[in-house]
Amino acid sequence: MTRNELSKIIKRREEGRAKQDQEILSEVREQLLALLSDYPDDAEINYQTGIVHDNSGLGLEAIPYYERSLKLGLSGPDLERCLMGLGSTYRYWGYYKEAVETLRRGVREFPENRAIQVFLAMALYNSQNYKESVELLITNLMETTSDEKLHYFKRGIMAYNEDLDETAG
């Protein structure tokens, strides 16, 4: 297998995802599973196999591939997307503790990735960590919004955000 062949498969997977075409995704899933049988210790192939399962609505089946790719040392942009994909998949299937742990790692390693932060906020909410969830969402909103009214009240909103439970009484 060459990286060029894998790149073509990835491109086809992206096409299937964009079109929500289950036939393409099924074809790609078969190709990746065949590659994986030849290269079981390839982090990228494990990762891509996880993604295609996720893209196919088979998230629960994606988890072991994501986990294995991490154990095999996935790195760079693939690691960033894997942590987000695995964390959000854990959350969707109700594995909130694992979701929070995975997404916290994602935030630590890729602090500029706002999507990971928002998925973390959702997992925190599901874990009944409501305060931290809302704080994270407010921070992301205030750091990215162009809404003039929110900017006008930014100092107050951020001050209250530091202690959402504080009251005058």
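In what follows, the structure referred to is the one given above.
The shown structure was predicted, so the numbers you read here are calculated from the model rather than taken from an experiment.

### Describing unusual backbone geometry
Trans is the common state for peptide bonds, and a negative phi is the common state for residues other than glycine.
Phase 1 of the analysis: For glutamine 20, which is not a glycine, the phi torsion comes out positive at approximately 55°.
Phase 2 of the analysis: With respect to the secondary-structure elements, glutamine 20 resides in the loop between helix H1 (3-19) and helix H2 (22-38).

### Structural notes on a nonpolar patch on the surface
Phase 1 of the analysis: Together, Leu60, Tyr92, Trp93 and Tyr95 make up an exposed nonpolar region whose accessible area comes to about 450 Å².
Phase 2 of the analysis: For tyrosine 92, a relative accessible area of 62% gives the class exposed.

### Here's the deal with the pattern of salt bridges
Phase 1 of the analysis: Counted by the stated rule, this structure contains 14 salt bridges.
Phase 2 of the analysis: Arginine 3 serves as the salt-bridge partner of glutamate 44, at 2.7 Å between the closest nitrogen and oxygen. Placement of glutamate 44 in helix H3 (residues 43-55) and of arginine 3 in helix H1 is noted, with a sequence separation of 41 residues between them.
Phase 3 of the analysis: A cluster of three or more residues bridged by salt bridges with shared partners is formed by Arg12, Glu15, Lys19 and Glu27.

Calculation notes
Residues numbered from 1 in each chain as written. Predicted model: local features only at pLDDT ≥ 70, side-chain atom pairs only at ≥ 80, totals over all residues. Heavy atoms only, no water. Helix = DSSP H or I, 4+ residues; strand = E, 2+ residues; numbered from the N terminus. Patch = residues over 30% accessible without salt bridge, like charges linked within 9 Å, V, L, I, M, F, W, Y side chains within 5 Å. Areas by Shrake-Rupley, 256 points an atom, 1.4 Å probe, with all protein chains shown as cover. Salt bridge = Lys/Arg side-chain N within 4 Å of Asp/Glu carboxyl O. Buried < 20%, exposed > 50% of the residue type's maximum accessible area, 1.4 Å probe, protein only.

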